[in-house]
Amino acid sequence: MMDNSQFAPGQILETLKSGDSDAMRGAAFAAGDLRLEEAIPLLCEKIRSANIGVQEAAEYGLRKIRGPRAIESLLPLLSSDDAPVRNVAMDILREIGVDGVEAMQPYLRGDDADLRIFIADILGYCQSHQSASALADALLKDPEVNVRYQAAVSLGNLGYPESVNSLCQAMHDEEWVQFAVVEALAKINDPAAINALIKLLPLSSTLVSAAIIDALGELGDIKTIPMLFNSLENVHVMLRHKIVKAIVQILRGRSLSLLAPKSQEKLREYLLDALTDNDEEIQIAALQGLAAIGTAEACRDVISLAVTLDPDRAPELYEAAIRALAAIGYNDVVRDALRSENEVEVMVAMEACQLMDDERPLEEIKNLFWRVGRELQRAAVAEVAQIGTCADVPFFLSVMDECKDAEVLKSALAFFGNQHGCPDVEDVVFQQLDHKYVDVKEMALEACINLHSAALNEKFRERARSEDAMQRMMAIYALGRYNVADNITEISDALDDAAPGVRRVAVEAFQNLGSAAERYLPRLLPRLFDEDKDVRLALVDLMGQIGTPAVMPHLITALRDENEWVRIRSIEALGVNKNFEAVPTLAEMLETANPLIALRIIEALGRIGGNVAFGVLLGLTSHEDPEIQHAAASAVAAIQADQE
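Computed from a predicted model, the values in this text were never measured in an experiment.

Q: Teacher, can you tell me more about the overall build of the protein here?
A: Within the protein, the regular secondary structure consists of 40 helices and zero strands. Its C-alpha radius of gyration of 37 Å places the protein more than 25% over the 26 Å reference for a compact globule of 644 residues. Along the longest, intermediate and shortest principal axes, the C-alpha atoms of the protein span 100 × 80 × 35 Å. A sequence separation of at least 24 residues applies to 62% of the contacts in the protein between residues at least 6 apart. Put simply, the protein shows about 30,300 Å² of open surface, and 48% of that area lies on carbon and sulfur atoms.

Right, dumping it as structure tokens:
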């Protein structure tokens, strides 16, 4: 692009007439930046150019220059046979048309209906009362229905209350226009528009009335509630369902419960009927209404709907049904559903009970566990585990004895892990550490840790000497979670265990001490040269967490580790802890580092900062690899930001 400050107006005009695309593109940008009105005709010509760059520059120039002259020159392009040219002209005029509404008005009265539609569209973006007046005239007088339709749409876009009267007069037009009028009145969202919609309701066809009711629901004006209630009687079923939805939208849930008892009873009847509608939005609104004023009897209809739904295909509707049941609360209907032979019905009832803050369903759910299939068993035991108490221990003991399903056992273990002080719990949980499934073992381990029992701590100390490496690993993990200081002997001994997994867990146990783990550094450091990379990784992570000066030389040592990820974690730890002493080593590593390592070093240097890191990074901003260039530039910017 040319230097616009040295580009004379005459030179711009001459260049725009040349055949050099690059030069014309630069001249078009310059014309826009200099607001050169003399270039407008030439820029309009360039919109037709076959060169996209020239087209874009011409468009830029016209948008920048603006004004009545630009509008007058663009308007003829709306008659072009070339659709892309027409579309560009329209788009520019939508943005700048407000500068010359007068110039467009004659086109709104011309013989070309398509052109009148285009102008009606453009005026909808020209925020001026003059535009609104011209559109109102077109809405009421234009012989072409599509022009009148577009005029209504555009009046809605402008949103001026002064247009309400004209829009109301247009409600006698064809149905196509009436829909646009209703939408426009809704967008205007003025008391006059709301009153107009209410007055038009009894005069409209069923379809237009439905649109009006939708609009009133969206507008949410509580003053429309009496009228909507009065309209519930003697109307088409489709309209009644729309009215129900609008009432729920306006009163927003809990406010429905403030209605008089007779009004609630009447509305409840219509809410239940609306559940049969084919429109999911109406069904959801009906369920929201029943959540506020539904009764036990209403639960029958809600459950009947829910069992027909596929939760994956209609998730919002299904969730609304479950929430409605939960809001109404536990009752005989829900209880009977839990006792049903239909497992889908049982699942619906259980999901609703899960959302209730109520212990009454507990016995029913425990009873159904023994007669249902696996999926329901899993759901049932998970639900009882969530709300059960010590009184439910016998149930879970039976489940542990008789059920072999891993998911069921895991839910039972989760329950036991929360039952502090309940008899028999600790032994039951500890026994499951020997289960054949790894995920059951892991859940048993978490349950043991949650119980945080002195007796269990002692058992884990014994288990730390097991012949089984997996059992030793779980024991050391638990002892670390219980209390590292109290179990330091077992955890320290595990640092020399024959099994690498045990050594790794022993190192990780010290993370529970935070920076206080520094005092155990002499015992830990031999693991920096462990034969297993995961043990070395764990120690590097631990040292990064400790973050004191004592660990920094050892993190620098780890930069020479044979394993790439050990080196990466060391780099990251040094960066997070802003270790200036590491900068020379990191800079040296850059010379031979692969792209992954190099990017991590650059990020670390950006965090560390300082003159040396800044100089290294600055040199990388011209690197041949664009990704490294970008990373270095970001790191330089980070250092500069820290200095400000």
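We are not done yet, so read on.
Q: What exactly am I supposed to notice about the state of the cysteines here?
A: Enumeration according to the criterion identifies one disulfide in this entry. Through a disulfide, C390 is tied to C422; the S-S separation comes to 1.5 Å. Disulfide C390 to C422: torsion about the S-S bond roughly -80°, handedness left-handed. Of this pair, C390 sits in the loop between α24 (374–387) and α25 (393–402) while C422 sits in the loop between α26 (406–417) and α27 (425–431), and the two are 32 residues apart along the sequence. For the unlinked cysteine C44, the closest cysteine sulfur is that of C126, found at 16 Å.

Q: Where do I start with the pattern of salt bridges in this structure?
A: Taken as a whole and assessed by the stated rule, the structure comprises 43 salt bridges. A salt bridge links D121 to R94; its shortest N-O distance comes to 2.9 Å. Taken together, the residues D121 in helix α8 (residues 113–123) and R94 in helix α6 (residues 83–96) connect sequence positions 27 residues apart. Judged by its relative accessible area of 23%, R94 falls in the partly exposed class. When the shortest N-O distance is used, the salt bridge between E364 and R339 registers 2.7 Å. Residue E364 is found in helix α23 (residues 362–369), and its partner R339 is found in the loop between α21 (332–338) and α22 (343–354); the two are separated by 25 residues along the sequence. For R339, a relative accessible area of 43% puts it in the partly exposed group.

Q: How should I be thinking about the side chain of R536 in this particular structure?
A: Within the fold, R536 resides in helix α34 (residues 533–546). Among the polar contacts listed, one links the side chain of R536 to the side chain of D561, at a separation of 2.7 Å. Not counting residues up to four positions away in its chain, the partners in contact with R536 are R527, L528, F529, D530, E531, D561, E562, N563 and V566.

Q: Would you take a moment to explain the environment of M443 for this structure?
A: Tracing the chain through its elements places M443 in helix α28 (residues 438–451). A C-alpha to C-alpha distance of 8.6 Å links M443 and S411, two positions 32 residues apart in sequence. Leaving out residues up to four positions away in the same chain, M443 has contacts with K410, L413 and A414.

Q: What is the right way to read unusual backbone geometry from this model?
A: What is expected of a backbone is that most residues other than glycine have negative phi and most peptide bonds are trans. Not every positive phi belongs to a glycine, and N189 is a case in point at roughly 50°. Relative to the assigned elements, N189 resides in the loop between α12 (175–188) and α13 (191–200). The backbone phi angle of K578 is positive, close to 50°, even though this residue is not glycine. Assignment of secondary structure puts K578 in the loop between α36 (564–576) and α37 (583–590).

Q: What is the right way to look at the nonpolar core in this model?
A: Ranked by internal contacts, the top residues of the largest apolar core, which has 238 residues, are L74, L78, I247, F460 and F510. Other than its neighbours up to four places away in sequence, L78 contacts R86, A89, M90, L93, L115, F118, I119 and I122.

Q: Before we go on, may I ask you to explain the packing of helix α16 (residues 237–251) against helix α17 (residues 261–274) in this structure?
A: Packed helices, taken two at a time, are described by the angle between their axes plus the distance between the axes. Orientation of α16 relative to α17, taken along the N-to-C sense of each, is 115°, at an axis distance of 10 Å. With respect to α17, the element α16 is oriented roughly perpendicular. Our pair here, α16 against α17, has a crossing hand that is left-handed. Between α16, through V237, R240, H241, V244, I247 and V248, and α17, the contact on the second element is made entirely by L267, Y270, L271, D273 and A274.

Q: Before we go on, may I ask you to explain the packing of aromatic side chains in this structure?
A: Working definition: an aromatic ring pair is given by the centre-to-centre distance plus the angle between the planes. Tallying each qualifying case throughout the model produces twelve aromatic pairs. Seen from their ring centres, F395 and F396 are 5.1 Å apart, and the 75° between their planes marks the pair as edge-to-face. Each member of the pair, F395 as well as F396, carries the same accessibility label: buried.

Q: Hey, could you run me through α22 in this one?
A: Owing to its 3.6 residues per turn, the α-helix aligns residues three or four sequence positions apart on the same side. Between its first and last C-alpha atoms α22 spans 16 Å; for twelve residues at 1.5 Å apiece the expected length is 16 Å, and the two agree. By the burial criterion, the buried members of α22 are V346, V348, A349, M350, A352 and C353. Its side-chain oxygen placed 2.9 Å from the backbone nitrogen of V344, N342 serves as the N-cap of α22.

Q: What is the right way to read the packing of α24 against α25 from this model?
A: For the pair α24 and α25, interaxial distance at closest approach is 11 Å and the crossing angle is 145°. Between α24 and α25 lies a crossing whose hand is left-handed. Only F395, F396 and V399 of α25 make contact with α24, whose side of the interface consists of V381, V384 and A385. When its residues are assigned to classes, the contact of α24 with α25 shows six nonpolar, no polar and no charged.

Q: So what exactly am I meant to see when it comes to the side chain of D530 here?
A: Along the chain, D530 falls in the loop between α33 (521–524) and α34. Among the polar contacts made by the side chain of D530, one reaches the side chain of R503 at a distance of 2.7 Å. D530 has contacts with R503, V535 and R536, leaving out every residue within four places of it along the chain.

Q: Please clarify how the environment of A28 should be interpreted in this entry.
A: Mapped onto the fold, A28 is located in helix α2 (residues 21–33). For A28, a relative accessible area of 1% gives the class buried. Measuring from C-alpha to C-alpha, the distance between A28 and V334 comes to 73 Å, with 306 residues separating the pair along the chain. Contact partners of A28, with chain neighbours within four places excluded, come to L16, L43, A57, A58 and G61.

Q: What is the right way to look at helix α30 (residues 469–482) in this model?
A: Given a rise of 1.5 Å per residue, 14 residues ought to cover 20 Å, and the 20 Å separating the end C-alpha atoms of α30 matches this to within 8%. Every buried residue belonging to α30 is among Q471, R472, M473, M474, A475, I476, A478, L479, G480 and Y482, and all of these are buried. Structurally, α30 contributes buried residues whose contacts are with α28, α29 (454–463), α31 (488–494) and α32 (500–509).

Q: Would you mind showing me how to read the environment of E564 here?
A: Take E564: it is sitting in helix α36. Sequence separation of E564 and R371 is 193 residues, and the distance between their C-alpha atoms is 55 Å. A distance of 2.6 Å separates a polar atom in the side chain of E564 from a polar atom in the side chain of N594.

Reading the values: the criteria
Residues numbered from 1 in each chain as written. Predicted model: local features only at pLDDT ≥ 70, side-chain atom pairs only at ≥ 80, totals over all residues. Heavy atoms only, no water. Helix = DSSP H or I, 4+ residues; strand = E, 2+ residues; numbered from the N terminus. Rg over C-alpha atoms; globule rule 2.2 N^0.38 Å. Contact = heavy atoms within 4.5 Å. Areas by Shrake-Rupley, 256 points an atom, 1.4 Å probe, with all protein chains shown as cover. Disulfide = S-S within 2.5 Å. Salt bridge = Lys/Arg side-chain N within 4 Å of Asp/Glu carboxyl O. Buried < 20%, exposed > 50% of the residue type's maximum accessible area, 1.4 Å probe, protein only. Polar contact = N/O pair within 3.5 Å; in protein donor to acceptor, adjacent residues only side chain to side chain. Core = buried A, V, L, I, M, F, W, Y, C linked by side-chain atoms within 4.5 Å. Axes fitted to C-alpha atoms, helices over the stretch in contact; angles between N-to-C directions. Parallel < 35°, antiparallel > 145°, perpendicular 65-115°, else oblique. Left-handed = near helix turned anticlockwise from the far one by under 90°. Phe/Tyr/Trp six-rings, centres within 6.5 Å; stacked < 30°, edge-to-face > 60°. Expected span 1.5 Å × (residues − 1). Nonpolar A, V, L, I, M, F, W, Y, C, P; charged D, E, K, R; others polar.

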